[in-house]
Amino acid sequence: MKNTIYFFTGTGNSLATAKKIAASLGDCDLVPIAPYQKTSGDIVPSSDRVGIVCPVYFTGLPAMVASFVARLDLTGVPYVFSVLTYGGGGEKSALSQVDGILRKRSGRGLSAGYSVLMPGNYVLMYEPPTGEKKEMLLSTADVKLQRITDDILQCKELPLPRSLLWWLLHILVYPWFITRVHTKDRKFSVSDTCTSCGICASVCPAGNIELVEKKPVWKHHCELCCGCIHLCPERAIQAGKKTTGWGRYRNPEVTIQDLQLKRGNEQ
Ligand SMILES: Cc1cc2nc3c(=O)[nH]c(=O)nc-3n(C[C@H](O)[C@H](O)[C@H](O)COP(=O)(O)O)c2cc1C
């Protein structure tokens, strides 16, 4: 059985998740969503099983993922699943969003939708978990992912988990996010500790960072994945004052190089 998993990731939770599912499924193409920003038109995968793996942003999908899913023609695909990683809530409304876009586009929704609680990385709002808390979240996520993968291997069809409360919140919060997300990088700044290594630019899935006079400059088509902030080896990138003292996060099973490759430019 031929499989394709499309993924988007900022700090590696969704990439680690997609990689594990791909390894269990066998014949599987792991395809980054980011390079599709540079193309237009329908995307018609020829696989028997197609998956979409990405984080939850503001109770919904990252902007780039929502646009990508709207281009997916899955009318000929027998089994379609989604696995969303998230840090606290809004995963059900985000799954409903994937399902809704697919139904509109392809006349078919998800065969099954899943979510995995992982360390939250929204460093504009809170410090990511560290130590035991982080380890516990990751090991619990692994156990859940094993169950999810077993389901996907059997092509289980399941009703989508739904929550009216989260959907109402989604209706309130998500449009606010979508209309502001690309310019949220106005909050970002770089300190003198920057060594001009260029990792921030190379990991940015939106290609939103340019090095000008060896320092990062954000170009206001940000996805707000926070990858530049978390992955800077010097912690030189801040989003306001409070991030100065806060820890950073990268999924421990994913390397900087893995995250550079996800842009697809280097493949
Ligand atoms: C801009 C932004 C918004 C987020 N919004 C939510 C949210 O609404 N609900 C939630 O549970 N987690 C939220 N998160 C946390 C991420 O969904 C979570 O950490 C995810 O696993 C990150 O995946 P990644 O490492 O693949 O980027 C948000 C993170 C970011 C960067």
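Quick caveat, the model's predicted, so the values are computed rather than measured.

Once that is clear, we can look at the overall build of the protein chain. A count of helices and strands for the protein chain gives eight helices and nine strands. On C-alpha atoms alone, the protein chain measures out to a radius of gyration of 18 Å, which is about the 18 Å that the 2.2 N^0.38 rule sets for 267 residues. Expressed along its principal axes, the backbone C-alpha trace of the protein chain runs to roughly 55 × 40 × 40 Å. Sorting the 267 residues of the protein chain into buried and exposed places 44% on the buried side. The contacts of the protein chain with a sequence gap of at least 6 include a subset with a gap of at least 24, amounting to 76%.

In terms of nonpolar packing, the biggest core is built from 71 residues, with Ile5, Phe7, Ile33, Val98 and Cys228 touching the most fellow members. At six residues, strand 4 (residues 79-86) tops the list of elements feeding residues into this core. Viewed by domain, this core spans two of them, domain 1 (3-171) and domain 2 (181-261), each represented by three or more residues. In this structure, Val98 is in contact with Ile52, Leu61, Val69, Ser82, Leu110 and Gly113, ignoring residues within four places of it in sequence.

Before going further, it helps to spend a moment on the domain arrangement of the protein chain. Domain annotation for the protein chain reports domain 1 (3-171) and domain 2 (181-261). The C-alpha-based centres of domain 1 and domain 2 are spaced at 23 Å. Listed per partner, the contact involves 20 residues of domain 1 and 22 residues of domain 2. Contributions of two or more residues to the side of domain 1 that touches domain 2 are made by helix 1 (13-25) and helix 2 (63-71). With three residues, helix 1 is the single largest residue contributor to the side of domain 1 that touches domain 2. Residue classes in the side of domain 1 that touches domain 2 are distributed as 13 nonpolar, six polar and one charged.

Around the ligand sit 26 residues, and of these Gly10, Asn13, Ser14, Pro55 and Tyr86 come closest. Its residues assigned to classes, the shell around the ligand comprises eleven nonpolar, 15 polar and no charged. There are two domains that each give the shell around the ligand at least three residues, and those are domain 1 (3-171) and domain 2 (181-261).

A separate point is the packing of helix 2 against helix 3 (residues 91-106). Between helix 2 and helix 3, whose axes approach to 8 Å, the crossing angle comes to 30 degrees. In this view, helix 2 runs roughly parallel relative to helix 3, as classed from their interaxial angle. Relative to helix 3, the crossing made by helix 2 is right-handed. Across the interface between the two elements, Ala66, Val69 and Ala70 of helix 2 pack against Val98, Ile101, Leu102 and Arg105 of helix 3. For the contact of helix 2 with helix 3, a count of residues per class yields six nonpolar, no polar and one charged.

Moving on, we get to the sheet that holds strand 2 (residues 28-32). The strand order across the open sheet formed by five strands is 2-1-3-4-5, and the pairing between neighbours is parallel. One side of each edge strand has no neighbouring strand; the edge strands of this open sheet are strand 2 and strand 5 (112-117). Across the sheet, the mean angle separating the axes of adjacent strands is 20 degrees when strand polarity is ignored. Docked against the sheet, helix 4 (residues 131-153) engages strand 4 and strand 5, running at close to 165 degrees with respect to strand 5.

Summarising burial for strand 5: five of the six residues are buried, a large majority. Across six bridges, the pairing between strand 4 and strand 5 is parallel. Opposite Tyr86, over in strand 5, you have Leu117 as the bridge partner.

What counts, and at which threshold
- Residues numbered from 1 in each chain as written.
- Predicted model: local features only at pLDDT ≥ 70, side-chain atom pairs only at ≥ 80, totals over all residues.
- Helix = DSSP H or I, 4+ residues; strand = E, 2+ residues; numbered from the N terminus.
- Rg over C-alpha atoms; globule rule 2.2 N^0.38 Å.
- Buried ≥ 20, exposed ≤ 12 C-beta atoms within 10 Å, placed from the backbone.
- Contact = placed C-beta atoms within 7 Å.
- Core = buried A, V, L, I, M, F, W, Y, C linked by C-beta atoms within 7 Å.
- Domains from an automatic or database assignment.
- Nonpolar A, V, L, I, M, F, W, Y, C, P; charged D, E, K, R; others polar.
- Near = placed C-beta within 6 Å.
- Axes fitted to C-alpha atoms, helices over the stretch in contact; angles between N-to-C directions.
- Parallel < 35°, antiparallel > 145°, perpendicular 65-115°, else oblique.
- Left-handed = near helix turned anticlockwise from the far one by under 90°.
- Pairing = 2+ DSSP bridges.

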